[in-house]
Amino acid sequence: MTQLSPARNEAAGATTQEPTAAPAKDNPKALYGGTRSRRITVRDIAAAKERGEKWPMLTAYDAMTASVFDEAGIPVLLVGDSMGNCHLGYESTVPVTLDEITILSAAVVRGTERALVVADLPFGSYQEGPVQALRSATRLVKEAGVGAVKLEGGERSAHQVELLVSSGIPVMAHVGLTPQSVHAFGGYPVQGRGEEAAQQLLRDAKAVQDAGAFSVVLEAVPAELAAEVTRSLHIPTVGIGAGAECDAQVLVWTDMAGFTAGRVPRFVKQYLDLRKLLGGAARAFAEDVVGGAFPAAEHSFR
């Protein structure tokens, strides 16, 4: 099942080599580092795949945070149902409602100028079938202004993807570990281990591609399998705990920035200890208030 990657083929003596992507600074069309200021579209995502360009994606749930990521050049922002865990205080993504997704998606759109904003279809908003999925996705496009939606499931969700795409709504699919199925999985186990499970994941990815999805998230998938899926598809793969060979990588921003309390998944790299920094600022403010140092004369009106 598993084939050698182009790099491994070269090491094994092959003479062919795939062209590498031009550095972002040399390519004004690059998703990250490019110079175009208009909002990114799914056509830009497809072009990046053709160029062999890798790109980053982060979650966002409010206008202010989204504006920071937009200014940093992050080309795709996901208003994920992960808001349930890291912003709304739920134990999983399952309780998140379409109303909540719609409100926060609209905020993220208002806070951005360039990023493609993708909104999750929450649990219970598309499982009944394509018509329900279209009704839910239409609301996110019309009321929140998002440029695309994301839904979980491979073969089981292909009909939903097909109707949305044929109706003019771009779809990012999501296979592997699908957090909305936490109760069925009994937790958050790695998916695709073993020949049968690997073949099913590959079928799922191809099913959503054939249905018209413009990209597919691979979550908690063995790196070698994710690399095979990436080579097998003409649409980009977005990895989260799926190794380095995916076309793009996504992280929940509160995990990435060290804002999440407690244990984070193995695949997370923390680039900041925001929880410590923010806590320190809060304590400094409190001490100034208690000690009478704040507000000082410069913070008062006359």
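For the structure itself, consult the block above.
As the structure is a computational prediction, the values presented were derived from the model and not from experiment.

Chemist: Just to check I follow, could you spell out the nonpolar core for this structure?
Modeler: Taken as a class, soluble globular proteins show a tendency for nonpolar side chains to be buried jointly. The biggest cluster of nonpolar side chains holds 59 residues, and the ones touching the most others in it are L77, V149, L164 and L218. If sequence neighbours within four positions are ignored, L218 has contacts with V175, A226, V229, T230, T237, V238, G239, I240, A242 and C246. Grouped together as the second largest cluster of nonpolar side chains are 18 residues, I40, M57, V118 and A148 included.

Chemist: Where do I start with helix α9 (residues 195-211) in this structure?
Modeler: A turn of α-helix holds 3.6 residues, and therefore any two residues three or four places apart point the same way. Here α9 contains 17 residues, and its C-alpha end-to-end distance of 24 Å stays within 8% of the 24 Å for a straight helix at 1.5 Å per residue. Those residues of α9 that fall on the buried side of the exposure criterion are A198, L201, L202, D204, A205, A207, V208, Q209 and A211.

Chemist: Would you mind going over a nonpolar patch on the surface with me for this structure?
Modeler: On the surface, Y271, L272 and L277 cluster together to form a nonpolar patch covering roughly 340 Å² of accessible area. Overall, L277 belongs to the exposed group, its relative accessible area being 53%.

Chemist: Sorry, what's going on with the packing of aromatic side chains here?
Modeler: Centre-to-centre distance and the angle between the planes together describe a pair of aromatic rings. Tallying each qualifying case throughout the model produces three aromatic pairs. Aromatic pair W253 and F259: ring centres 5.8 Å apart, planes at 35 degrees, arrangement tilted. You can call W253 buried: its relative accessible area is 8%. Ring centres 5.9 Å apart and planes at 65 degrees place the aromatic pair F285 and F294 in the edge-to-face group. Taking the relative accessible area as the measure of exposure, F285 reaches 49% and is therefore partly exposed.

Chemist: Help me understand the sheet that holds strand β5 (residues 171-176) in this model?
Modeler: Hydrogen bonds between backbone groups are what pair the strands of a sheet, and the pairing can be parallel or antiparallel. In spatial order, the strands read β1-β2-β3-β4-β5-β6-β7-β8; together these eight strands close into a barrel with parallel pairing. Sheet twist, expressed as the average angle between the axes of neighbouring strands with direction ignored, equals 25 degrees. Note that strand β3 (residues 116-120) and strand β4 (residues 148-152) share three bridges and pair parallel. Across the sheet, the residue bridging to D120 is K150, located in β4.

Chemist: It is not clear to me how the pattern of salt bridges should be interpreted in this structure. Could you clarify?
Modeler: Side-chain pairing between opposite charges can occur once the charged atoms of the two side chains come close. Taken as a whole and assessed by the stated rule, the structure comprises seven salt bridges. Among the salt bridges present, the one from D247 reaches K49, with a minimum N-O distance of 2.8 Å. Here D247, found in the loop between β7 (237-240) and β8 (248-251), pairs with K49, found in helix α2 (residues 42-51); they are 198 residues apart in sequence, far enough to count as distant. Put simply, R36, R38 and D44 are held in one network by salt bridges that share partners.

Chemist: Would you take a moment to explain the environment of V42 for this structure?
Modeler: Along the chain, V42 turns up in helix α2. C-alpha separation for the pair V42 and L272, spaced 230 residues apart in sequence, amounts to 30 Å. Sequence-distant contacts of V42, defined by excluding residues within four places in its chain, comprise L116, P170 and F214.

How each quantity is defined
- Residues numbered from 1 in each chain as written.
- Predicted model: local features only at pLDDT ≥ 70, side-chain atom pairs only at ≥ 80, totals over all residues.
- Heavy atoms only, no water.
- Core = buried A, V, L, I, M, F, W, Y, C linked by side-chain atoms within 4.5 Å.
- Buried < 20%, exposed > 50% of the residue type's maximum accessible area, 1.4 Å probe, protein only.
- Contact = heavy atoms within 4.5 Å.
- Helix = DSSP H or I, 4+ residues; strand = E, 2+ residues; numbered from the N terminus.
- Expected span 1.5 Å × (residues − 1).
- Patch = residues over 30% accessible without salt bridge, like charges linked within 9 Å, V, L, I, M, F, W, Y side chains within 5 Å.
- Areas by Shrake-Rupley, 256 points an atom, 1.4 Å probe, with all protein chains shown as cover.
- Salt bridge = Lys/Arg side-chain N within 4 Å of Asp/Glu carboxyl O.
- Phe/Tyr/Trp six-rings, centres within 6.5 Å; stacked < 30°, edge-to-face > 60°.
- Pairing = 2+ DSSP bridges.
- Axes fitted to C-alpha atoms, helices over the stretch in contact; angles between N-to-C directions.

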